[in-house]
Amino acid sequence: MIEIRHLSKELGGREVLHDINLKLEPGLCNLVIGQSGSGKTVLMKTMVGLYEADAGEVLFDGRSFKRDKNHEQLTEIRREIGMVFQGGALFDSLPVLENVMFPLDMFSTLSRRAKVSRAQECLARVDLKGADKLSTSELSGGMRKRVAIARAIAMQPRYLFCDEPNSGLDPRTSELIDALISEITREAGITTVINTHDMNSVLKIGDTVNFIYEGKLWWQGNGKNILDSDNAEIIHFMEASELTKRLLHNHRNKHEA
Amino acid sequence: MIKAIGEYFLLLQRVFQSPGNRKLFWKQVLDEIYHLGMDSIPLVSLVSVFVGAAITIQLQINMDSPWIPLYSVGFAARKAIVLELAPTIIGLVLAGKIGSHIASQLGTMRVTEQIDAIEVMGMNSASYLILPKIIACMLFNPILIMLSIITALAGGWAAGVGIMHMSSFQFIYGLQSFPHNFDLVYAIAKTLVFAFFISSISSFYGYTVKGGALEVGKASTKAVVNSSIAIILSNLVMTQLLM
Ligand SMILES: Nc1ncnc2c1ncn2[C@@H]1O[C@H](COP(=O)(O)OP(=O)(O)OP(=O)(O)O)[C@@H](O)[C@H]1O
Ligand SMILES: [Mg+2]
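Described in the following lines is the structure provided in the data block. Since the structure is predicted, the reported quantities are computational estimates derived from the model, not experimental observations.

Another aspect to go through is the coordination of the magnesium ion (ligand 2). Put simply, a metal with four donors set out as a tetrahedron has ideal angles of 109.5 degrees, and one with six donors set out as an octahedron has ideal angles of 90 or 180 degrees. All names here are of chain A. At the metal site, the magnesium ion (ligand 2) is ligated by Thr41 (OG1) and Gln86 (OE1), and these contacts range over 1.9 to 2.3 Å. Residue threonine 41 is found in helix α1 (residues 40–47), and its partner glutamine 86 is found in the loop between β5 (81–84) and α3 (96–107); the two are separated by 45 residues along the sequence. Judged by relative accessible area, threonine 41 falls into the partly exposed class, the value being 24%. Using a relative accessible area of 33% as the deciding quantity, one classes glutamine 86 as partly exposed.

Here it is in structure tokens:
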């Protein structure tokens, strides 16, 4: 479980995150949703310590790396983290297979052959069998995302962070990625945090849904009860998507009938 | 400026801290030697041959006097090449080539979040990325400088004999007269210091880029300019101290 307590973060002289309190449960897909610029990426990066929090702390099963002078706790926690960056952040000096193998090369004591087979297994899970030898410049946007996911799960993380894992993907691949993340989350009891503004994902895999608005935690619920919400901002957010707009409409009609 | 220097030393401190994990270190060093060092061989040879030739021609013209023995041209060319031309001029050439390469590579890794990705795995990205570059430059630049000395002397000989019609014997006699081994030690010592400045300063500008592709370009320019300044200033200090 990850617990966020009174987290605030200022960037460029502006308070981007304001007093966020949040609990993220293991074995569930915890979604963070919100408009572009609402602070999702900053929240995720502050959680893993890429940005230093101005106030508050983040507890990973009770462990915090704030005020950790020797970086020991930080290193320990980060070894248990897998992260998918919004832009993929693939190492462009390495081909696909080496990208996925990178964390294994760094941290595991497996033989080279075992590492290769583990990396291939991860690539197969994201439907990229046979892409081993490609260089990252030969990948499409969606393939990059999938390689990034394969790299993030290679070390079997205890905490998985995905920043918009399916933005820019076609609906079918999107769905595949959602299903995959949700599956590994349940299988291994991972605490998964997903930033998204895809309402499809919200409804499908939103075990918990946390709506961020202007850097504040505005609404909490899940993919099932989000349509019932009477929060004006979240209704506004949902109505921007044709899918949820229609669903909302049907939903209300049903209630009125 | 003061702030940048402070940040530079903070980064250096992280570079030499425990790396968090250091597997495959020597493989990385070899890769860097290949990309930074081997790749510079043609440029270094080309520049050295021509500068060595030009220096010899200058010396020959300016020392054309019955009071100066003929072999002095060879002797003076050797001194100039070993003491200043090879270490300092080639140091500046390498600051341009290696410096811009390092800064744009690390800068691109920064803006595409590759450095964040390494950091988030629980590694010390500064040490992981920068230390192999520093070590590679300090190992390989002395070899480049030796190469530069040899090719510059060869260029000098070719120009002296081929263009200025000196006698080959006189030139080589000059090269060999008053041997002074400390000159070579001095050249290597300077090269090591310059190699450290080039690799660490360019790494600093690349590693700390904020923004996008435009900033990567600017960082690359700053890397070259500031490594060159560091080379010239430290050259002056070392000349004072060591000679
Ligand atoms: N390094 C930075 N310096 C200054 N301001 C920043 C920085 N990074 C982000 N911001 C600001 O913080 C706010 C939140 O940005 P963030 O990237 O978290 O948005 P987001 O919710 O992830 O949006 P998107 O859905 O487009 O990815 C934005 O207003 C942005 O301008
Ligand atoms: Mg974002």
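Let us keep going from here.
We now examine the sheet that holds strand β2 (residues 14–24) of chain A. The pairing of strands in a sheet happens through backbone hydrogen bonds and is either parallel or antiparallel. Residue and element names in this part refer to chain A. The strand order β2-β1-β4 describes an open sheet built from three strands, whose pairing is antiparallel. The open sheet has two edge strands with one neighbour each: β2 and β4 (55–60). If you compare each strand with its neighbour and ignore which way they point, the axes differ by 20° on average. Where strand β1 (residues 2–11) lies against β4, five bridges are found, and the strand directions are antiparallel.

Right, let's talk about the site of ligand 1 for a bit. Residue and element names in this part refer to chain A. Around ligand 1, the surrounding shell holds 16 residues, and the nearest of these are Arg14, Ser36, Gly37, Lys40 and Thr41. Take glycine 37: an N or O atom from its main chain is 2.7 Å from an oxygen atom of ligand 1. Coverage of ligand 1 by the protein amounts to 66% of the 630 Å² it exposes when considered alone. Taken together, the elements giving at least two residues each to the shell around ligand 1 come down to β2 and α1. The element contributing the most residues to the shell around ligand 1 is α1, with three residues. For the shell around ligand 1, the class distribution of residues is four nonpolar, nine polar and three charged.

Turning our attention to unusual backbone geometry. Residues and elements named next belong to chain A. The phi torsion at aspartate 19 lies on the positive side, around 45°, for a residue other than glycine. For aspartate 19, the location among the structural elements is in strand β2. Residue glutamate 164 is not a glycine yet carries a positive backbone phi of 50°. Residue position: glutamate 164 is located in the loop between β6 (159–163) and α6 (171–188). Look at glutamate 164 and you get buried, because its relative accessible area is 6%.

To continue, consider the environment of asparagine 210 of chain A. Residue and element names in this part refer to chain A. Tracing the backbone shows asparagine 210 in strand β8 (residues 208–213). Judged by relative accessible area, which is 1%, asparagine 210 ranks as buried. C-alpha of asparagine 210 to C-alpha of serine 36: the two residues are 174 residues apart in sequence and 15 Å apart in space. Every residue in contact with asparagine 210, bar those within four places of it in the chain, is listed here: Leu22, Leu24, Leu31, Val32, Ile33, Leu217, Trp219 and Gln220. Among the polar contacts made by the side chain of asparagine 210, one reaches the side chain of glutamine 220 at a distance of 3.1 Å.

About the criteria used
- Residues numbered from 1 in each chain as written.
- Chains lettered and ligands numbered in written order.
- Predicted model: local features only at pLDDT ≥ 70, side-chain atom pairs only at ≥ 80, totals over all residues.
- Heavy atoms only, no water.
- Donors = N, O, S within 2.8 Å, 3.2 Å for Na, K, Ca; no water.
- Helix = DSSP H or I, 4+ residues; strand = E, 2+ residues; numbered from the N terminus.
- Buried < 20%, exposed > 50% of the residue type's maximum accessible area, 1.4 Å probe, protein only.
- Pairing = 2+ DSSP bridges.
- Axes fitted to C-alpha atoms, helices over the stretch in contact; angles between N-to-C directions.
- Near = heavy atom within 4 Å.
- Polar contact = N/O pair within 3.5 Å; in protein donor to acceptor, adjacent residues only side chain to side chain.
- Areas by Shrake-Rupley, 256 points an atom, 1.4 Å probe, with all protein chains shown as cover.
- Nonpolar A, V, L, I, M, F, W, Y, C, P; charged D, E, K, R; others polar.
- Contact = heavy atoms within 4.5 Å.

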